[in-house]
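# Structural description and commentary
Here are the chains, one letter per residue:
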Amino acid sequence: MNDSSPPTSANTHTQFTLAELAQRFQLECKAAPETIISGVAPLHRATPGQLSFLAQAKYRSALASTKASAVIMDASSAAEWSGPALIAANPYAEFARIAALFEYQNQYETGIHPSASVHPTARIGQHCQIAAGAVIGSHAQVGDHCIIGPNCVLEDHVHIGTYTRLVGSVTIAHHVNIGSHCLLHPGVVIGADGFGQAWRGERWQKVPQLGSVQIGDQVEIGANTTIDRGALDDTIIEDGVRIDNLVQIAHNVRIGAHTAIAACVGIAGSAVIGRYCLIGGAAAVLGHIELCDRVIVQGMSSITHSIDKPGEYGSAVAAQDARTWRRNLVRLRNLDKTLRELLRGK
Amino acid sequence: MNDSSPPTSANTHTQFTLAELAQRFQLECKAAPETIISGVAPLHRATPGQLSFLAQAKYRSALASTKASAVIMDASSAAEWSGPALIAANPYAEFARIAALFEYQNQYETGIHPSASVHPTARIGQHCQIAAGAVIGSHAQVGDHCIIGPNCVLEDHVHIGTYTRLVGSVTIAHHVNIGSHCLLHPGVVIGADGFGQAWRGERWQKVPQLGSVQIGDQVEIGANTTIDRGALDDTIIEDGVRIDNLVQIAHNVRIGAHTAIAACVGIAGSAVIGRYCLIGGAAAVLGHIELCDRVIVQGMSSITHSIDKPGEYGSAVAAQDARTWRRNLVRLRNLDKTLRELLRGK
Amino acid sequence: MNDSSPPTSANTHTQFTLAELAQRFQLECKAAPETIISGVAPLHRATPGQLSFLAQAKYRSALASTKASAVIMDASSAAEWSGPALIAANPYAEFARIAALFEYQNQYETGIHPSASVHPTARIGQHCQIAAGAVIGSHAQVGDHCIIGPNCVLEDHVHIGTYTRLVGSVTIAHHVNIGSHCLLHPGVVIGADGFGQAWRGERWQKVPQLGSVQIGDQVEIGANTTIDRGALDDTIIEDGVRIDNLVQIAHNVRIGAHTAIAACVGIAGSAVIGRYCLIGGAAAVLGHIELCDRVIVQGMSSITHSIDKPGEYGSAVAAQDARTWRRNLVRLRNLDKTLRELLRGK
């Protein structure tokens, strides 16, 4: 298997001059504004025609030997660099914006694919792409410039804003509202019933979930992530939230604006997460608690109480060789007993 | 983004008198049986025409100020309430049953959507809805009153009982049997191969999974949950089981009747879980062990040995501020060594 | 629900003589080569016409009473067995190979189902089955003898080798390369964007993921597993890797050949896993670290540092009764403080 070839998924037919990029992204161009840029790459791998970036001092050595046609860097780095450059206070973020120009776009025709099923009462906006096998239910509304990818399912009364893309195989349950400029990756499920079950003494009684899900603008949701509808009130994902893959967001959770949640996290029912939080991969947040703004949860941690003070919290146990861990685990399982003995002052 | 509007997903065209509800659910109606109920809401948010419930004493204050047209409560609460009420020993469970009347039903036509692919040898029962893009394989059997939602896939020889609903984008592998009155949420995968791999010394040999999956009646399975087929015998989910989202049930597991499993749980191969168990979110159960009936597993716990005594078990570590946890973790990783020193009687 | 009936999913129309099986799999046949084998079963449940296996000494008692028509066993066991047998050094692995002959094959017709959408520029190999609802994008290439199951989605420029099967409801994003003899279970998502987000001071900037995913030959990927495309370089899954369900493989991870990963594992971005590793269920591996070959990670462990020594590593805490665990947890959360006191020599 040949994996040394350069990545081929970038769109290579697009090209811009440094001057065009500078103007478009309001950056200063130092030297050679006519330089043609037709792709991006990291410093150590870039070839002529490609743009690279310097965001950390530790990569300066790569800068000296790079074959990139131009590099994005901050002003102090540019003072020591004689080649073509774009100057940015946040080189990594600006590189990200420029890289988006070279992102591959699947060739879907504008309009509704013949194999899509769109209910007569659904309203599809201008310049939308409704791909093969998509199913759109009654009274659904899809705003202008949306992409509904192959085999997506939108149930009745789903509302989607503008410039939102459902990549493919996404399922949105009835009455869910999704904002504009959102990106939902394959396998996402929004609006499935929250896990409401009432015990009747000998069996479970399903509690209908009559709420919905509200998703704001500029939200990105990773593959196979599930966000459940609320029991009576809605589950809410505020603007700018970024959620990774295989995340579970239970019913009646609220995720504050611009919070980022890494993969495999579980947020239990009615938890409220503040704004600008970072939730590390595989962490779990208990239900009915509240995290204030700017809380950082370390990966694989278990948050069991409300947090009202910004900062970093964790409880993951870092692995050791199995032999050492087995001994430590035995001690842990007897810790209270052992410490009582010791504290009694033997 | 406006999230203060009341949830709109409940079906608002349905209405009943209190008397009708009382008769239908065999509850006592206290006062004003002619009261019209057209929806449900919690006490603090209810408006005229809505039914609410009182299930916990701590919400009595909300009862005093509610605008609900009627409230479900137990007999002792009703003695102190002068308004219209329905009396139930288990107000929450009865509220759940009534709320189901107001649940939204997607507008699928009865019958088989033109874009569905149904094998000529498949047998579809009476009053079924087979939605757009559904694929049903040879010799599959779908019982009366089932809903097979958009883009579901049923492979060959799948048998489904009556009144079962696959919401959409559900995949059922060949020869799986699913009972009646079941509800499977989007992204569920039933009957994928169990993880059988035999090591041949230099590479893996896949072990074919020739068993199947048997799912009983009244089972609910959450979004993106996976239940694998057995190696030679079947994987079994007994009647009344409730499983949340993103749960993994490995090959040859048996889940006892009426057990509830919260999100992100993993149950490894050949584990046997008893009846009436509760498995907390993100917990993991090792393979080839057995849990007796009425075991409660706390969230994020690791069950590594069989449990033969009902009760509650756990091992999750609750998070602390990062600084404190780092110190405790260092101690934990050296615990055996440190305790040996101390126990030697320094 | 009747779950005592024998599994019915094995293909029962296939049959072979012991001699045929011996020749096909290059095994020695001891006694009665004309014995007809039409299925497989474990020793305790086998009936005449079925083949069983003995791989562990502890099952010898089942051997004495088995009704199987023949048994696979090693040479020393065969010396003490008078019935029909196939002799193999690795009885379990050979049983697995033979069992594959009896595996059920869904009845898809060769060719392209009328409801599939295949772009005119896509190239489909010989003897392929493209099932109902499959969507194949522009310039995609599917090698000979592949099965693309119902409702699968292949975006533009996807390349798949020969004899590879996507069971159903699998989504492969643009430019992903998948090798030959692979098996991808339902709900798998390959090539969704890695979780690249750059903080701009007040909001997130999405970092386009311009790399791809390279999957080798003989790779098996379990249901609802997600493998993300790289940021600039590719995410790489080497030959012979076996991945279970609900696993997250982040962008720019490399998984070494013949490594096996159990369910619910999360591997964070840019981690490198060596060859012949075993990663236990629900474990998590931090980003940007490297595991050498032949590392065993115990289930539910948190790997936070690179490992350069083969062996077994772990950090899972085994559950106890809730009361005992609560006491131990209180001690753990105060461990540093308590040990400091004790070490100061009270």
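Quick caveat: nothing in here was measured; it's all calculated off a predicted structure. (Residues numbered from 1 in each chain as written. Chains lettered and ligands numbered in written order. Predicted model: local features only at pLDDT ≥ 70, side-chain atom pairs only at ≥ 80, totals over all residues. Heavy atoms only, no water.)

### Structural notes on the relation of the copies chain C and chain A
Its rotation angle being 120 degrees, the transformation that places chain C on chain A also includes 0.0 Å of axial translation and leaves an RMSD of 0.0 Å. Taken together, the rotation and translation describe the operation of a three-fold axis. An asymmetric contact is evident, with only 17% of the interface residues of chain C recurring at the interface of chain A. (Least-squares fit on C-alpha atoms with pLDDT ≥ 70 in both. Contact = heavy atoms within 4.5 Å.)

### A few points about empty space enclosed by the protein
Tallied over the entire structure, the rule returns four cavities of 30 Å³ or more. Empty space within the largest cavity amounts to approximately 230 Å³. Around the largest cavity, the lining comprises 22 residues; the ones closest to its centre are S169(A), G187(A), S169(B), S169(C) and G187(C). Looking at the lining of the largest cavity residue by residue, the classes come out as seven nonpolar, 15 polar and no charged. (1 Å grid on protein atoms, 1.4 Å probe; cavity = no way out; pocket = protein on both sides within 12 Å on 5 of 7 lines; lining within 4 Å. Points joined across faces, edges and corners; volume = space filled by probe spheres on them. Nonpolar A, V, L, I, M, F, W, Y, C, P; charged D, E, K, R; others polar.)

### Thoughts on the sheet that holds strand β6 (residues 70-73) of chain A
Residues and elements named next belong to chain A. Taking strand neighbours across the sheet as the criterion, the five strands line up as β2-β7-β6-β5-β4 in an open arrangement whose pairing is mixed. The strands lining the two open edges of the sheet, one partner per strand, are β2 (28-30) and β4 (39-40). Each of β4, β5 (50-53), β6 and β7 (85-87) is contacted by helix α4 (residues 91-99), which is oriented at about 155 degrees to β5, the strand it contacts most. (Pairing = 2+ DSSP bridges. Helix = DSSP H or I, 4+ residues; strand = E, 2+ residues; numbered from the N terminus. Axes fitted to C-alpha atoms, helices over the stretch in contact; angles between N-to-C directions.)

### Focus: helix α5 (residues 322-333) of chain B
For an α-helix, the turn length of 3.6 residues means that residues three or four places apart are oriented alike. Helix length check: α5(B) (12 residues) gives 16 Å between terminal C-alpha atoms against 16 Å at 1.5 Å per residue, within 8%. For α5(B), the complete set of buried residues consists of A322(B), W325(B), N328(B), L329(B), R331(B) and L332(B). Against β39 (311-314) and α5 (322-333) of chain A, β40 (320-321) and α6 (335-343) of chain B together with α5 (322-333) and α6 (335-343) of chain C lie the buried residues of α5(B). (Expected span 1.5 Å × (residues − 1). Buried < 20%, exposed > 50% of the residue type's maximum accessible area, 1.4 Å probe, protein only.)

### Concerning the packing of α5(B) against α6(C)
Each pair of packed helices gets described by two things: the angle between the helix axes and the distance between those axes. Closest axis-to-axis distance for the α5(B)/α6(C) pair is 8 Å, and the angle between their directions is 60 degrees. In terms of orientation, α5(B) lies oblique with respect to α6(C). When α5(B) is examined against α6(C), the residues R327(B), N328(B), R331(B) and L332(B) are found in contact with a partner set consisting of L335(C), D336(C), L339(C), R340(C) and L343(C). Of the residues in the contact of α5(B) with α6(C), the class split is four nonpolar, one polar and four charged. (Parallel < 35°, antiparallel > 145°, perpendicular 65-115°, else oblique.)

### Thoughts on the sheet that holds strand β35 (residues 284-285) of chain C
Residue and element names in this part refer to chain C. Across the sheet, 10 strands lie side by side as β9-β12-β15-β18-β21-β26-β29-β32-β35-β38; this open sheet has parallel pairing. Edge positions in the sheet fall to β9 (117-118) and β38 (302-303), since each of these pairs with one other strand and no more. Bridge count for strand β21 (residues 189-193) against strand β26 (residues 226-229) is four bridges, and the pairing is parallel. Bridge pairing links I190 to I227 in β26.

### Side note on the pattern of salt bridges
On inspection of all chains with the given rule, the structure shows 31 salt bridges over all chains. Linking D336(A) and R331(C) is a salt bridge whose minimum nitrogen-to-oxygen distance equals 2.8 Å. Of this pair, D336(A) sits in helix α6 (residues 335-343) while R331(C) is found in helix α5, placing the two residues in two different chains. A residue is classified by how much of its surface remains accessible, and R331(C), at 17% relative accessible area, is buried. Between E238(C) and R254(C) there is a salt bridge, and its shortest N-O distance comes to 2.6 Å. (Salt bridge = Lys/Arg side-chain N within 4 Å of Asp/Glu carboxyl O.)

### A short note on the relation of the copies chain A and chain B
Of the transformation superimposing chain A on chain B, the axial component is 0.0 Å and the angular component is 120 degrees, with the fit at an RMSD of 0.0 Å. Here only 17% of the interface residues in chain A have copies in chain B that are interface residues too; the copies meet through unlike faces.

### Details of the interface of chain C and chain A
With 84 residues of chain C at the interface, the matching set in chain A holds 75 residues. Summing both sides of the interface, chain C and chain A together bury roughly 6200 Å²; the carbon and sulfur share of this comes to 60%. Connecting chain C to chain A are five salt bridges. For K206(C), the salt bridge identified is with E220(A), shortest N-O distance 2.7 Å. Where chain C meets chain A, there are 32 residue pairs in polar contact (both at pLDDT 80 or more). Of the residues forming the side of chain C that touches chain A, the biggest block, six residues, is contributed by α5(C). Split by residue class, the side of chain C that touches chain A holds 33 nonpolar, 32 polar and 19 charged. As paired elements, strand β40 (residues 320-321) of chain A and strand β39 (residues 311-314) of chain C share two bridges and run antiparallel to each other. (Buried area = accessible area lost by both parts, 1.4 Å probe. Polar contact = N/O pair within 3.5 Å; in protein donor to acceptor, adjacent residues only side chain to side chain.)

### Details of the packing of α6(A) against α6(C)
α6(C) packs onto α6(A) with a crossing angle of 30 degrees between their chain directions and a minimal axis gap of 11 Å. If you check the angle between α6(A) and α6(C), you find them roughly parallel. The element α6(A) and its partner α6(C) pack so that their crossing is left-handed. Counting all contacts with α6(A), which are made through L335(A), L339(A), L342(A) and L343(A), the residues of α6(C) involved are L335(C), T338(C), L339(C), E341(C) and L342(C). Per-class residue counts for the contact of α6(A) with α6(C) are seven nonpolar, one polar and one charged. (Left-handed = near helix turned anticlockwise from the far one by under 90°.)

### Examining the pairing of strand β5 (residues 50-53) of chain B
Residue and element names in this part refer to chain B. Every second residue of β5 is oriented toward a common face, with Q50 and S52 on one face and L51 and F53 on the other, all of them buried. Bridge count for strand β4 (residues 39-40) against β5 is two bridges, and the pairing is parallel. Bridge pairing in β5 links G39 to Q50. The sheet contact formed by β5 and strand β6 (residues 70-73) spans three bridges and is parallel. Counted as the bridge partner of F53 is I72 from β6.

### Examining the packing of aromatic side chains
Applying the stated criterion across every chain yields a total of 15 aromatic pairs over all chains. Taking 5.9 Å as the distance between ring centres and 85 degrees as the angle between the ring planes, the aromatic pair formed by W199(B) and Y276(C) counts as edge-to-face. Here the residue W199(B) occupies a position in strand β22 (residues 197-199), and Y276(C) occupies one in the loop between β33 (272-273) and β34 (278-279), the pair thus bridging two chains. When its relative accessible area of 32% is taken as the criterion, W199(B) is described as partly exposed. Geometrically, the ring pair formed by F53(C) and Y92(C) is tilted, given 5.6 Å between the ring centres and 40 degrees between the ring planes. Here Y92(C) lies in helix α4 (residues 91-99) and F53(C) lies in strand β5 (residues 50-53), a separation of 39 residues in the sequence. Exposure remark for F53(C): the relative accessible area of 19% places this residue in the buried category. An aromatic cluster is present here, built from F53(A), Y92(A) and F95(A) joined pairwise through their rings. Seen from the ring of Y276(B), R294(B) lies directly overhead, with NZ or CZ sitting 4.3 Å from the centre. (Phe/Tyr/Trp six-rings, centres within 6.5 Å; stacked < 30°, edge-to-face > 60°. Lys NZ or Arg CZ within 6 Å of the ring centre and 35° of its normal.)

### Some remarks on the side chain of T171(B)
Here T171(B) lies in strand β18 (residues 171-172). Contacts of T171(B), omitting those with residues within four sequence positions, involve V153(B), V188(B), V189(B), I190(B), S169(C) and P186(C).

### A word on the domain arrangement of chain A
Once the domains are mapped, chain A shows domain 1 (16-102) and domain 2 (111-313). Computed from C-alpha coordinates alone, the two centres of domain 1 of chain A and domain 2 of chain A are separated by 36 Å. (Domains from an automatic or database assignment.)

### Quick word on the interface of chain A and chain B
It is common to report an interface's size as the accessible area lost on association of the parts. Tallying the contact residues gives 84 residues for chain A and 75 residues for chain B. In total, about 6200 Å² of surface goes out of reach between chain A and chain B, with carbon and sulfur atoms giving 60% of it. Counting across the chain A and chain B interface gives five salt bridges. Across the contact surface, chain A and chain B share 32 residue pairs in polar contact (both at pLDDT 80 or more). At six residues, α5(A) tops the list of elements feeding residues into the side of chain A that touches chain B.

### Describing the side chain of H258(B)
Note on placement: H258(B) falls in the loop between β30 (254-255) and β31 (260-261). Residue contacts for H258(B): discarding those within four places in its chain leaves W199(A), E202(A), R203(A), W204(A), D239(B), G240(B), V241(B), Y276(B) and C277(B).

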